[in-house]
Amino acid sequence: QTERNQTMALTSTFDARLAYIYGAFLIFGGIFGFVRSQSVESFIIAGLAGGAVIYAGTNISTIRNKQFGYRLATGVAFILLGVMGYRFYLGGKFMPAGLVAVASLLMFVYNALQLNKL
């Protein structure tokens, strides 16, 4: 049981860091979108989504709120996958919609698998 707890602790630390990186990626993408094309919408949405994922990461790193953290990260990734996947489908440009869609797909699958293990 102790070895399993240590493995879960290491996984939680990795998963929290992954959420922080994904959240920062979203926020910096929003900043880049704002600077490049003055898109206030990108700035606000990316800030909210990135902040939510970073908040999810802080919950993933705790024992009590781990399930909530995974659910939040999975939900945000699912929504972004749908929105940005659709934008990529319509526009055909990989940057930024395709990149965010791919990153969101990876995060959705990973977090859903981790949530299923709880």
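Details of the structure are given in the entry above.
What you see is a predicted model; the values in this text were computed from it and never measured.

Engineer: Break down the overall build of the protein chain for me, citing the residues and quoting the values.
Structural biologist: Scanning the protein chain for helices and strands turns up 4 helices and 0 strands. Put simply, the protein chain runs from its N terminus to its C terminus through helices and strands in the order α-α-α-α. Here the C-alpha atoms of the protein chain give a radius of gyration of 15 Å, agreeing with the 13 Å that 2.2 N^0.38 yields for 118 residues. By the burial criterion, 31% of the 118 residues in the protein chain qualify as buried. Per element, the accessible surface of the protein chain, about 7,600 Å² overall, is 69% carbon and sulfur.

Engineer: Account for the environment of Ala101, naming residues and giving values.
Structural biologist: Inspection of the secondary structure puts Ala101 in helix H4 (residues 94-117). On the basis of relative accessible area, Ala101 is assigned to the buried category, the value being 9%. Separated by 24 residues in sequence, Ala101 and Ala77 place their C-alpha atoms 8.6 Å apart.

Engineer: Can you explain the packing of aromatic side chains? Please cite residues and give values.
Structural biologist: Tallied over the full model, the rule gives 5 aromatic pairs. Both rings, one in Phe14 and one in Tyr110, keep their centres 6.2 Å apart while their planes meet at 75°; by these two values the pair is edge-to-face. Of the two residues, Phe14 sits in helix H1 (residues 2-37) while Tyr110 sits in helix H4, which places them 96 residues apart along the sequence. Both rings, one in Tyr55 and one in Phe68, keep their centres 6.1 Å apart while their planes meet at 75°; by these two values the pair is edge-to-face. One end of the pair, Tyr55, is in helix H2 (residues 40-60); the other, Phe68, is in helix H3 (residues 66-91), with 13 residues separating them in the sequence.

What counts, and at which threshold
Residues numbered from 1 in each chain as written. Predicted model: local features only at pLDDT ≥ 70, side-chain atom pairs only at ≥ 80, totals over all residues. Heavy atoms only, no water. Helix = DSSP H or I, 4+ residues; strand = E, 2+ residues; numbered from the N terminus. Rg over C-alpha atoms; globule rule 2.2 N^0.38 Å. Buried < 20%, exposed > 50% of the residue type's maximum accessible area, 1.4 Å probe, protein only. Areas by Shrake-Rupley, 256 points an atom, 1.4 Å probe, with all protein chains shown as cover. Phe/Tyr/Trp six-rings, centres within 6.5 Å; stacked < 30°, edge-to-face > 60°.

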